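Below are the chains, spelled out letter by letter.
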Amino acid sequence: MKKKLIGIGVAVVATSIVIGVVWGYRPQTNDAQRTLDKNEVQENAPVQNGNSASLRETTAHKLEAEKKIPPGSYKPLGPKAYEIIRGREFRAPGDALAHVKQLIRRSEAGDATATYEIYLTIEQCQAFTSDRADELAQSATSLGSGGWFLERSERLLKECESLALDQDIYHADWLSKAAAMGSQEAMLAYAVSPQEVLGSLDDVIHDPERLAQWKENSSRYLNEMANQGNIAALGSLRRAYSYGRTRDRDPVAALAYTRVLNRINPQLYDNNDIVKAESDLTSRQRSEALALSEEIFKNCCISR
């Protein structure tokens, strides 16, 4: 479950595209947490009262009404914690440019989810019209879906032709725009995929102010979603403190977030993960982490 960062960024993007093509795109699933199916959520979630159920419904309705999450994507994991899960397809087959243009109309009207879907469509087309296509084909073959992948890639290449020719749309920074508009999926993708926002290492070296802005935005996005109960944001903060990404490395905070995720569902991080996170800490640091985890859990996961 624990990986390094920058190398992981490219790998996660490539792997997520393959999985999106083969099984369907699931944007808020990552290496530190696995998506829980409906039965697992019901089995492991604490007993709910009427107020908790009402809070979940209100939060889900509010996020959907504000067009910050796709309709029906909100999945509760307790009184307040939740995850966002998309369906298997984020767009129907057909001309990608025509699809994007109708999304742009919704985006201009303030629809953050539509803006993020523009990014998803362009990202998919870029994958199949670039050198990454060979890498994706190899990954699909290793999953036993090589023939089906080839058939689909040929269709996508044809669907993406006109979109790839529209340079203004094709090369715009839709991910940053969607995140700034409040799309929770975009906010997470922005925070965990620096290479999507910042470009290459050379680009970062020559534009340190942009790196500083990305770190500031990423921290704000993750904290905002974590306080609402978004479990993917909580997992990303754990990794950020574990490996020093959007903020300085802090093993005490990393342990605190590990404890929080364990409380939400032990299948995310079990007791062995907690013991490992404690192994290099003093008894005082462990006590600090325990107290911090209580504060985080109160903010993210207890209805008031």
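One can find the structure itself at the top, above this paragraph.
Residues numbered from 1 in each chain as written. Predicted model: local features only at pLDDT ≥ 70, side-chain atom pairs only at ≥ 80, totals over all residues. Heavy atoms only, no water.

*Asks:* Before we go on, may I ask you to explain the packing of aromatic side chains in this structure?
*Replies:* Aromatic rings in a pair are described by how distant their centres are and how their planes are angled relative to each other. Under the defined criterion, the tally for this structure stands at 4 aromatic pairs. Residues tyrosine 241 and tyrosine 257 carry aromatic rings whose centres are separated by 5.9 Å and whose planes lie at 20 degrees to one another, so their mutual orientation is stacked. Of this pair, tyrosine 241 sits in helix H14 (residues 231-243) while tyrosine 257 sits in helix H15 (residues 251-264); the two residues are 16 residues apart in sequence, bridging distant segments of the chain. Classification of tyrosine 241 as buried rests on a relative accessible area of 15%. The aromatic ring of phenylalanine 297 is capped on one face by arginine 263, whose charged end is 3.8 Å from the ring centroid. (Phe/Tyr/Trp six-rings, centres within 6.5 Å; stacked < 30°, edge-to-face > 60°. Helix = DSSP H or I, 4+ residues; strand = E, 2+ residues; numbered from the N terminus. Buried < 20%, exposed > 50% of the residue type's maximum accessible area, 1.4 Å probe, protein only. Lys NZ or Arg CZ within 6 Å of the ring centre and 35° of its normal.)

*Asks:* How do you make sense of the environment of tyrosine 74 when you look at a structure like this?
*Replies:* Within the fold, tyrosine 74 resides in strand E1 (residues 74-76). Residue classification places tyrosine 74 among the buried positions, given a relative accessible area of 9%. Discounting residues that sit within four places of it in the chain, tyrosine 74 has contacts with Arg56, Thr59, Ala60, Leu63, Ile69, Lys80, Tyr82, Glu83 and Ile84. (Contact = heavy atoms within 4.5 Å.)

*Asks:* Looking at this model, I keep getting lost on the side chain of arginine 239. Mind explaining?
*Replies:* Mapping arginine 239 onto the fold places it in helix H14. With relative accessibility at 3%, the residue arginine 239 sits in the buried group.

*Asks:* I tried to follow the state of the cysteines on my own but got confused; where do I start?
*Replies:* Simply put, the disulfide is a covalent bond whose two ends are the sulfur atoms of two cysteines. Summed over the entire model, instances satisfying the criterion amount to 2 disulfides. There is a disulfide in this structure between cysteine 300 and cysteine 301, and the S-S distance comes to 2.2 Å. Because the sign of the S-S torsion sets the handedness, a value of about -85 degrees for the bond joining cysteine 300 and cysteine 301 places this disulfide among the left-handed ones. In this structure cysteine 300 comes out as buried when scored by relative accessible area, which is 1%. Here cysteine 301 falls in the buried class, since its relative accessible area comes to 4%. When the bonded cysteines of the protein are numbered from the N-terminus onward, they pair as 1-2, 3-4. (Disulfide = S-S within 2.5 Å.)

*Asks:* Teacher, can you tell me more about the environment of tryptophan 214 here?
*Replies:* Inspection of the secondary structure assignment puts tryptophan 214 in helix H13 (residues 208-228). Owing to a relative accessible area of 3%, tryptophan 214 belongs among the buried residues under this scheme. Once the C-alpha coordinates of tryptophan 214 and proline 194 are considered, the two residues, 20 residues apart in sequence, prove to be 7.7 Å apart. Tryptophan 214 has contacts with Tyr190, Ala191, Pro194, Val197, Leu198 and Thr246, leaving out every residue within four places of it along the chain.

*Asks:* What exactly am I supposed to notice about the nonpolar core here?
*Replies:* The tendency in soluble globular proteins is for nonpolar side chains to be buried side by side. With 56 residues, the main nonpolar core has Leu163, Leu234 and Ile264 as its most contacted residues. For leucine 234, the residues in contact, after removing those within four places along its chain, are Ala226, Tyr257, Val260, Leu261, Ile264, Ile296, Cys300 and Cys301. In terms of nonpolar packing, the next biggest core, distinct from the first, is built from 6 residues, Ala60, Leu63, Tyr82 and Ile84 among them. (Core = buried A, V, L, I, M, F, W, Y, C linked by side-chain atoms within 4.5 Å.)

*Asks:* So what exactly am I meant to see when it comes to unusual backbone geometry here?
*Replies:* Among all residues except glycine, the phi angle is most often negative; among peptide bonds, the trans geometry is most common. Positioned with a positive phi, lysine 67 is a non-glycine residue whose angle comes to about 60 degrees. Its place among the elements puts lysine 67 in the loop between helix H3 (50-65) and E1.

*Asks:* What should I look at first to understand the side chain of serine 176 in this one?
*Replies:* With respect to the helices, strands and loops of the structure, serine 176 is situated in helix H9 (residues 174-181). Overall, serine 176 belongs to the buried group, its relative accessible area being 17%. Within the local environment of serine 176, its side chain forms a polar contact with the side chain of aspartate 173, the two groups lying 2.6 Å apart. Apart from the residues lying within four places of it in its own chain, the contact partners of serine 176 are Tyr190 and Val197. (Polar contact = N/O pair within 3.5 Å; in protein donor to acceptor, adjacent residues only side chain to side chain.)

*Asks:* What is the right way to read helix H17 (residues 283-301) from this model?
*Replies:* One turn of an α-helix holds 3.6 residues; hence residues three or four places apart share an orientation. Between its first and last C-alpha atoms H17 spans 26 Å; for 19 residues at 1.5 Å apiece the expected length is 27 Å, and the two agree. When H17 is considered as a whole, its buried residues turn out to be Ala289, Ser293, Ile296, Phe297, Cys300 and Cys301. Here the buried residues of H17 occupy an arc of 100 degrees about the axis, which is enough to place them on one side. Away from the buried face of H17 by more than 90 degrees, exposed residues Arg284 and Ala291 are located. The inward-facing, buried residues of H17 abut H13, H14 and H15. (Expected span 1.5 Å × (residues − 1). Arc of directions from axis to C-beta.)

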